[in-house]
Amino acid sequence: MHEIGLLYQTAKTASRFAQEHEIERIYAIELEIGELTGVLPDVFEEYFPYVAGQFPVLKDAVLKLDMIEARGICEQCHAVYNIMKHRGICPNCGSSEKMILGGNQMLIRQIEY
Ligand SMILES: [Zn+2]
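Draft legend 1. How the structure looks around the environment of Ala79. With respect to the helices and strands, the residue Ala79 is situated in the loop between β3 (71-74) and β4 (80-82). Of the residues examined, Ala79 has 15 C-beta atoms within 10 Å and is grouped as partly exposed. As a C-alpha pair, Ala79 and Leu31 span 48 residues in sequence and 28 Å in three-dimensional space. Once residues within four sequence positions are removed from consideration, Ala79 is found in contact with Cys74, Cys90 and Asn92.

Draft legend 2. Layout of the packing of helix α1 (residues 2-20) against helix α2 (residues 41-52). Where α1 contacts α2, the two axes come as close as 10 Å, and the packing angle between them is 50°. As judged from the angle between their axes, α1 and α2 are oblique. Between α1 and α2 lies a crossing whose hand is right-handed. Between α1 and α2, the contacting residues are Glu3, Ile4, Leu7, Tyr8 and Ala11 on the first element and Val43, Phe44, Tyr47, Phe48, Val51 and Ala52 on the second.

Draft legend 3. The arrangement of the pairing of strand β6 (residues 106-112) in detail. Burial within β6 is sparse, with just zero of its seven residues counted as buried. In this structure, strand β1 (residues 28-34) lies alongside β6, joined through six bridges in antiparallel fashion. The residue of β6 that forms the bridge with Ala28 is Glu112.

Draft legend 4. Spotlight on the environment of Ile23. With respect to the helices and strands, the residue Ile23 is situated in the loop between α1 and β1. Considering only alpha carbons, one finds Ile23 and Val39, 16 residues apart in sequence, at a separation of 29 Å. Ignoring any residue separated from it by four or fewer positions in sequence, one finds Ile23 in contact with Ala18, Val57 and Tyr113.

Rules used throughout
- Residues numbered from 1 in each chain as written.
- Predicted model: local features only at pLDDT ≥ 70, side-chain atom pairs only at ≥ 80, totals over all residues.
- Helix = DSSP H or I, 4+ residues; strand = E, 2+ residues; numbered from the N terminus.
- Buried ≥ 20, exposed ≤ 12 C-beta atoms within 10 Å, placed from the backbone.
- Contact = placed C-beta atoms within 7 Å.
- Axes fitted to C-alpha atoms, helices over the stretch in contact; angles between N-to-C directions.
- Parallel < 35°, antiparallel > 145°, perpendicular 65-115°, else oblique.
- Left-handed = near helix turned anticlockwise from the far one by under 90°.
- Pairing = 2+ DSSP bridges.

Structure, rendered in structure tokens:
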């Protein structure tokens with residue numbers, strides 16, 4: 001389950017940020033997660049308290065998730081569409097040639113302290 005690894009990465013990044021800025025307590029971490037990462041938000045929310053509990057600075061932190069739509073632009077007709085919804089096939093011309101515009105990222109958008 002790669003969610004756990006990603007949670008640890010997130011927790012480490014946040015606690016390093018706290019150290020560098022002499023922050024004693026982080027109250028919330030806001031994450032932006034693209035649909036194409038395959039991350040399951042439920043799993044993230046379920047395991048976050050367990051991971052956060054191992055970092056003193058994150059003891060009271062909550063996790064906020066923002067799922068980002070997987071969007072692509074068709075190489076043939078240049079239509080922009082939701083890749084997950086249309087299973088990677090352009091709804092306009094039926095081509096599977098595309099460029100991914102978003103939805104494959106995972107990043108920390110905000111740290112509240
Ligand atoms: Zn197309």
